[in-house]
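Secondary and tertiary structure notes
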Amino acid sequence: MNSRKALALSVAALTTISLTACNRGSSSDTGGSGGKKITIGLAVANLQADFFNQIKQSVSAEAAAKGVDVVVSDAGGDSARQVSQIQDFISRQVSAIIYIPAGATAAGVPVKAAERAKIPVINVDRNAPDAPGKTFIATDSVAAAKQLGEWVIKQTNGKGNVGIIQGQIGTTPQVDREKGFRQALQAAPNLKIVAERPTDDWSQEKGFANAQDMIQAHPDITVFWGQADAMALGAAQAAANANMHPKPLVLGFDGDKAGLQAVHDGKVNATMVQQTQLMGRLAVDSAIDLVNGKDVPAQQLQTATLLTDKDTAKAAEFIAKHP
């Protein structure tokens, strides 16, 4: 069965399940519906990514501290699988769902189904524009990517050729990071984007392959930006293998463990460090508030920290304890 057909079947099944799960009682401050202990379903896009693992760890720790149960599912980057996993959450009548969409395709379907079942949804990192959850918790990626772009302008005196290795097209992080970075580069017309290539999995392998292709087509690239740290690591590897002179600036985004270490070691020149631990805590606290009938902001956008290879002490601090 191809993935598109699997997704369609999963969507149909999810709609059916949501219509049978609507009998939910009111919540108390100490538990879920009917006084039961609160259970949160955590639907993660891909636990192979350190960024998502950081959020999972934070959610689990905060839930344990608050006496809340957590059930975790890993979509492995597969949207159809994630729809099926959220079907299971709805049929189990979890109290709330923390949802990190595996992709842009059909991202709103689980939100709509959960809402029909009167289960609040907290979106983290990625939102579904056609069906946002009760709250959206993420980095202000537009502002963060703009800050990164402004740093690049200073380092290059506003001149050079940029290759962008994009994330999964259409997802919230990819769209917002692209927007912010381009906003910054508008102030430097001589710093030109000469190549862009997307990836479907934000991986180091795809980052490496895309950077190789860019180097062959544009050997005069002076800046590589991987829209996630893994892709930046791939670009750094490709640039080193090509023995590029002068050595290009390599930028990332996320501040995952491998990215932090690469900045510390000078393999990547800069990244934007997201507050993954904070986002996980906010997601749990928002879930508890929603289950108990309290209002939460529609958006909870967080700042990111610009980390460069000049600040090894800060990199070591973040490696030891992620914000």
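Check the entry above for the structure.
Treat the numbers as computed from the prediction; the structure is a model and nothing was measured.

Moving on, we come to the packing of helix α9 (residues 257–265) against helix α11 (residues 312–320). With their axes 9 Å apart at the nearest point, α9 and α11 run at an angle of 160° to one another. One finds that α9 runs roughly antiparallel with respect to α11. Remark: the crossing between α9 and α11 carries left-handed chirality. In contact with L260, Q261 and H264 of α9, α11 contributes T312, A315, A316, F318 and I319.

Before going further, it helps to spend a moment on the pairing of strand β8 (residues 160–166). With seven of its seven residues buried, β8 lies for the most part within the structure. Here β8 shows a buried face lined by G160, V162, I164 and Q166 and a second buried face lined by N161, G163 and I165. Of the strand pairs in this sheet, β8 and strand β9 (residues 191–198) are connected by seven bridges, and their pairing is parallel. Residue N161 lies in a different strand from β9, and its bridge partner there is K192. At this point the chain moves from β8, through helix α6 (residues 172–185), to the parallel β9, and the crossover so formed is right-handed.

Here the focus is helix α2 (residues 50–66). With 17 residues, α2 extends 24 Å from end C-alpha to end C-alpha; this agrees with the ideal 24 Å at 1.5 Å per step. F51, F52, Q54, I55, S58, V59, E62 and A63 are the residues of α2 that are buried. Down the axis of α2, the buried set is contained in an arc of 155°. They therefore lie on one face. For α2, the secondary structure elements touched by its buried residues are β3 (39–44), β4 (69–74), β5 (96–99), β6 (121–124), α9 and α10 (276–291). Backbone geometry just after α2 places G67 at a positive phi near 70°.

Relative to the elements of secondary structure, V291 occurs in helix α10. Placed 195 residues apart in sequence, V291 and A96 show a C-alpha to C-alpha distance of 6.9 Å.

Now for the pairing of strand β10 (residues 223–226). Where burial is concerned, the two faces of β10 agree: the one with V223 and W225 and the one with F224 and G226 are both buried. Relative to β10, β8 is paired through four bridges, and the arrangement is parallel. Paired with I164 across the bridge in β10 is W225. In the classification by handedness, the crossover that spans β10, the intervening helix α8 (residues 229–241) and the parallel strand β11 (residues 249–251) is right-handed.

Strands sit in the order β4-β3-β5-β6-β7-β13 across an open sheet of six strands; the sheet is parallel. Only two strands of the sheet have a single neighbouring strand rather than two, namely β4 and β13 (299–302). Ignoring strand direction, the axes of neighbouring strands in this sheet form an average angle of 15°. This element, α10, spans β3, β5, β6, β7 (135–139) and β13 of the sheet and lies at about 170° to β7.

Bringing the environment of D176 into the picture now. Among the structural elements, D176 can be located in helix α6. Classification of D176 by relative accessible area gives partly exposed; the value is 23%. Here the alpha-carbon distance between D176 and D140, two residues 36 residues apart in the chain, equals 8.2 Å.

Criteria and thresholds
Residues numbered from 1 in each chain as written. Predicted model: local features only at pLDDT ≥ 70, side-chain atom pairs only at ≥ 80, totals over all residues. Heavy atoms only, no water. Axes fitted to C-alpha atoms, helices over the stretch in contact; angles between N-to-C directions. Helix = DSSP H or I, 4+ residues; strand = E, 2+ residues; numbered from the N terminus. Parallel < 35°, antiparallel > 145°, perpendicular 65-115°, else oblique. Left-handed = near helix turned anticlockwise from the far one by under 90°. Contact = heavy atoms within 4.5 Å. Buried < 20%, exposed > 50% of the residue type's maximum accessible area, 1.4 Å probe, protein only. Pairing = 2+ DSSP bridges. Right-handed = clockwise from strand over helix to strand, strands pointing away. Expected span 1.5 Å × (residues − 1). Arc of directions from axis to C-beta.

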